[in-house]
Amino acid sequence: MFFAGKDMSEFFRLKLWPLIEFFWNSTIDLVSLVFGETDWRRFRHRVLAHLMWIERRLESFLPDSLKLDQPIKTILLLLLVTVLALLFDREFGVEDLQESGELIVITRESPTTLYKDGDDPAGPEYDYLKSYAEYLGVELRFVFLENEGQVLEAISRGEGHIAAAGITFYPPLAEQGMVFGPGYQDVDIQVVCRRNHGKLPRNLEGLDEVELVVVADSSNEARLFQLQEEYSDLTWESDEHATVDDLLQMVWQKEIGCTIANSSEVNIKRRVYPELQVAFTIEEKQSLAWPLSPQWKTLSSSIDEWLQAIESNGTLLILKDEHYDIEEFDYVDMRTYVRRIKSRLPALTPIFKGAAEKHAVPWTLLTAQAYQESHWNRRAKSPTGVRGIMMLTLPTAKEMGVKSRLDAEQSIMGGAKYLSRLEKRIPEGVEGQDRWWYALAAYNIGMGHLLDARTLARKLDLSPDRWLDLKGVLPLLSQKKYYKSLKYGYARGAEPVVYVGQVRKYQNILHAQVARKKGIHAK
């Protein structure tokens, strides 16, 4: 039987290549079994699953007249895979990955880790993975599964190179054969319940008084199995279909009592569900780490080298600041803000979006800034004389063409115009989101003092172009030994740091609330 070129390519891609991949994965598993593997539950899931898949695949190639009985097929398959194990006992390295040009990532969609923003991936894990892929010089390809259990199962079978799903390194899993790369961020493992919904457990002994539900076959469930050896009364329910995000939402909806999540997941989710409350911490400072395919475990050293490289050039600090250095949680402030998103914001949203589009400002940033300024109060007024939703001074209002600062549309349009002008004045060396953080700081403290802070940063051998450096310099403008040599003199430099931090917090919450309303994922 002959194939045309395109047909042959499709045949190889859809039929032969998946078969080759699964033969190889089964080989690795059988070699592991022969040389000391005694965990029969793991053997059943990892090896027999491969054999059953291969069996079905082989049958698709055979006409009905040549299909074999089950015992004969099984014996032949075992012999074939064992022979392959003896012939191809090797591991792959970074060079093999670079030659393929593709890093395959097994993941699950989650606003706390990695998600699809339209057709494009986004989220904390994506930014880390993108940086690592650029370091290797390869493209990213994602395989999305339903939950962490499926992700761990798939990576253990070698269906991708690495897994990224907010998974923490856990020694018992490593002892069972799970291969982890180096940790890239520390988190706490926490029991999470809902505020004012029954008695909160304060320790492991108290968990027998609440309904605890966790993701089945996850690292969190593995922790519970380990803890059960010491706390024999510890019980829980496993959900095979839910993700951590699903369970946190179910806790908030009072459908279940409590669940377990890492501190990053909890802090991000509380932007949407402020009533979520940490009951207690099970483990502190656990490392988020990417599980690796067994035959690609040599990537661990490459990941370590990449982490060292981005730590040296400052990229790691930027990533952590962007995604994991979460603002301090204030329940009262958060709850009030969420209520006002529902009550005050709808009438103002068209104005914010219109002003943002006209002056090329992100509408969620402008909206969050307005909340920090006035809590979206059209008649807000301060003792210093600034007024309106954007709290403009009289001179700034006149310069921006605002005739009435108490008119919501005029105030918002004027504030957007002013913020846009400030952003355009930020030096070209400042890039990305930092340009908006600089513009917000200038809105709060004045452009002159911001330029002074840049001058001081240079004197202190810090970068004048990075917000992470500048927010450490700004508070020094209130100290005489620093401001006496600067052009614009004394300033309350700590205020713009707090101001920018608050606006970023409100913007993140707004992103999450908008995403929830639309039924999509967002950070």
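The rules behind these values
Residues numbered from 1 in each chain as written. Predicted model: local features only at pLDDT ≥ 70, side-chain atom pairs only at ≥ 80, totals over all residues. Heavy atoms only, no water. Helix = DSSP H or I, 4+ residues; strand = E, 2+ residues; numbered from the N terminus. Buried < 20%, exposed > 50% of the residue type's maximum accessible area, 1.4 Å probe, protein only. Contact = heavy atoms within 4.5 Å. Areas by Shrake-Rupley, 256 points an atom, 1.4 Å probe, with all protein chains shown as cover. Core = buried A, V, L, I, M, F, W, Y, C linked by side-chain atoms within 4.5 Å. Patch = residues over 30% accessible without salt bridge, like charges linked within 9 Å, V, L, I, M, F, W, Y side chains within 5 Å. Salt bridge = Lys/Arg side-chain N within 4 Å of Asp/Glu carboxyl O. Lys, Arg positive; Asp, Glu negative; His and termini not counted. Charge placed at Lys NZ, Arg CZ, Asp CG, Glu CD. Pairing = 2+ DSSP bridges. Axes fitted to C-alpha atoms, helices over the stretch in contact; angles between N-to-C directions. Polar contact = N/O pair within 3.5 Å; in protein donor to acceptor, adjacent residues only side chain to side chain. pLDDT = per-residue confidence, 0-100. Phe/Tyr/Trp six-rings, centres within 6.5 Å; stacked < 30°, edge-to-face > 60°. Lys NZ or Arg CZ within 6 Å of the ring centre and 35° of its normal.

## Comments concerning the overall build of the chain
Across its full length, the chain holds 22 helices and 12 strands. Within the chain, buried positions represent 51% of all 523 residues. Here the contacts in the chain between residues at least 6 apart in sequence split such that 69% fall between residues at least 24 apart. As presented, the chain carries roughly 25700 Å² of accessible surface, and 51% of it is formed by carbon and sulfur atoms.

## Overview of the nonpolar core
Phe352, Leu366 and Trp376 are the most contacted members of the largest nonpolar core, which has 60 residues in total. No other element matches the 9 residues that helix H18 (residues 434–445) contributes to this core. Beyond its immediate chain neighbours, meaning those up to four positions away, phenylalanine 352 contacts Leu345, Trp363, Leu366, Thr367, Ala370, Trp376, Ile389 and Ile412.

## Structural notes on a negative patch on the surface
On the surface, Glu205, Asp208, Glu230 and Asp233 cluster together to form a negatively charged patch. Its location among the elements puts glutamate 205 in the loop between strand E7 (185–194) and strand E8 (213–215). Assessed through its relative accessible area of 46%, glutamate 205 is described here as partly exposed.

## Focus on the environment of alanine 380
In this structure, alanine 380 sits in the loop between helix H15 (363–374) and helix H16 (394–399). For the pair alanine 380 and methionine 391, spaced 11 residues apart in sequence, the C-alpha separation works out to 7.3 Å. When neighbours within four sequence positions are excluded, alanine 380 is seen to be in contact with Ser374, Val386, Arg387, Gly388 and Met391.

## Looking at unusual backbone geometry
Backbone geometry places lysine 285, a non-glycine residue, at a positive phi of 50°. Within the chain, tryptophan 376 stands out as a residue other than glycine whose phi angle is a positive 60°. Mapped onto the elements of the fold, tryptophan 376 is located in the loop between H15 and H16. Judged by relative accessible area, which is 3%, tryptophan 376 ranks as buried.

## A look at the sheet that holds strand E10 (residues 259–262)
In spatial order, the strands read E10-E7-E11; together these 3 strands make up an open sheet with antiparallel pairing. Either end of the sheet is taken by a strand with one partner, and the two such strands are E10 and strand E11 (276–288). Averaged over all pairs of adjacent strands, the angle between strand axes in this sheet comes to 25°, irrespective of strand direction. This element, helix H9 (residues 244–252), spans E7, E10 and E11 of the sheet and lies at about 125° to E10.

## Digging into the pattern of salt bridges
Enumeration according to the criterion identifies 14 salt bridges in this entry. Glutamate 423 is paired through a salt bridge with arginine 435; the nearest N and O atoms lie 2.7 Å apart. One end of the pair, glutamate 423, is in helix H17 (residues 408–425); the other, arginine 435, is in helix H18, and 12 residues separate them in sequence. Note on accessibility: glutamate 423 and arginine 435 belong to one class, buried. Connected through salt bridges with shared partners, the residues Arg108, Asp245 and Glu265 form a single ionic network.

## A closer look at the side chain of glutamine 286
Structurally, the position occupied by glutamine 286 is in strand E11. Glutamine 286 gets classed as buried once you look at its relative accessible area, which sits at 17%. Within the structure, the side chain of glutamine 286 is placed 3.0 Å from the backbone oxygen of glutamate 284, a separation counted as a polar contact.

## Overview of the confidence of the model for the chain
Put simply, the chain has an average pLDDT of 83, and 79% of its residues get 70 or more. Confidence drops under a pLDDT of 50 for residues 36–50, and excluding neighbours within four residues, the segment shows 23 contacts in the predicted structure. A low-confidence stretch, residues 85–89 (pLDDT under 50), is modelled with 4 contacts involving residues beyond four sequence positions or located in other chains.

## Considerations on helix H6 (residues 148–156)
Of all 9 residues that make up H6, 7 are buried, and the element is covered over most of its length. At the N-terminal boundary of H6, the capping side chain belongs to asparagine 147, with an oxygen 3.2 Å from the backbone nitrogen of glycine 149. Phi turns positive one or two residues past the end of H6, at glycine 158, with a value near 75°.

## Concerning H9
Burial of H9 is extensive: 7 of the 9 residues sit out of reach of the surface. Inspection of H9 places Val244, Asp245, Leu247, Leu248, Met250, Val251 and Trp252 among the buried residues, and these make up the whole buried set. Following H9 by one or two positions, lysine 254 adopts a phi angle in the positive range, close to 65°.

## Some words on the packing of aromatic side chains
The tally for this structure, following the rule as stated, stands at 19 aromatic pairs. Relative to tryptophan 376, the ring of tyrosine 371 lies with its centre 4.8 Å away and its plane at 65°, an arrangement referred to as edge-to-face. Using a relative accessible area of 0% as the deciding quantity, one classes tyrosine 371 as buried. Connected via pairs of aromatic rings, a cluster forms that spans Tyr128, Tyr132, Tyr184, Trp290 and Trp306. Between the NZ or CZ atom of lysine 353 and the centre of the ring of tryptophan 363, over which it lies, the distance is 4.8 Å.

## What about the side chain of glutamine 369?
Among the structural elements, glutamine 369 can be located in helix H15. Overall, glutamine 369 belongs to the buried group, its relative accessible area being 0%. When residues no more than four places from it in sequence are discounted, the contact partners of glutamine 369 are Met390, Leu419, Leu440, Tyr443, Tyr499 and Val503.

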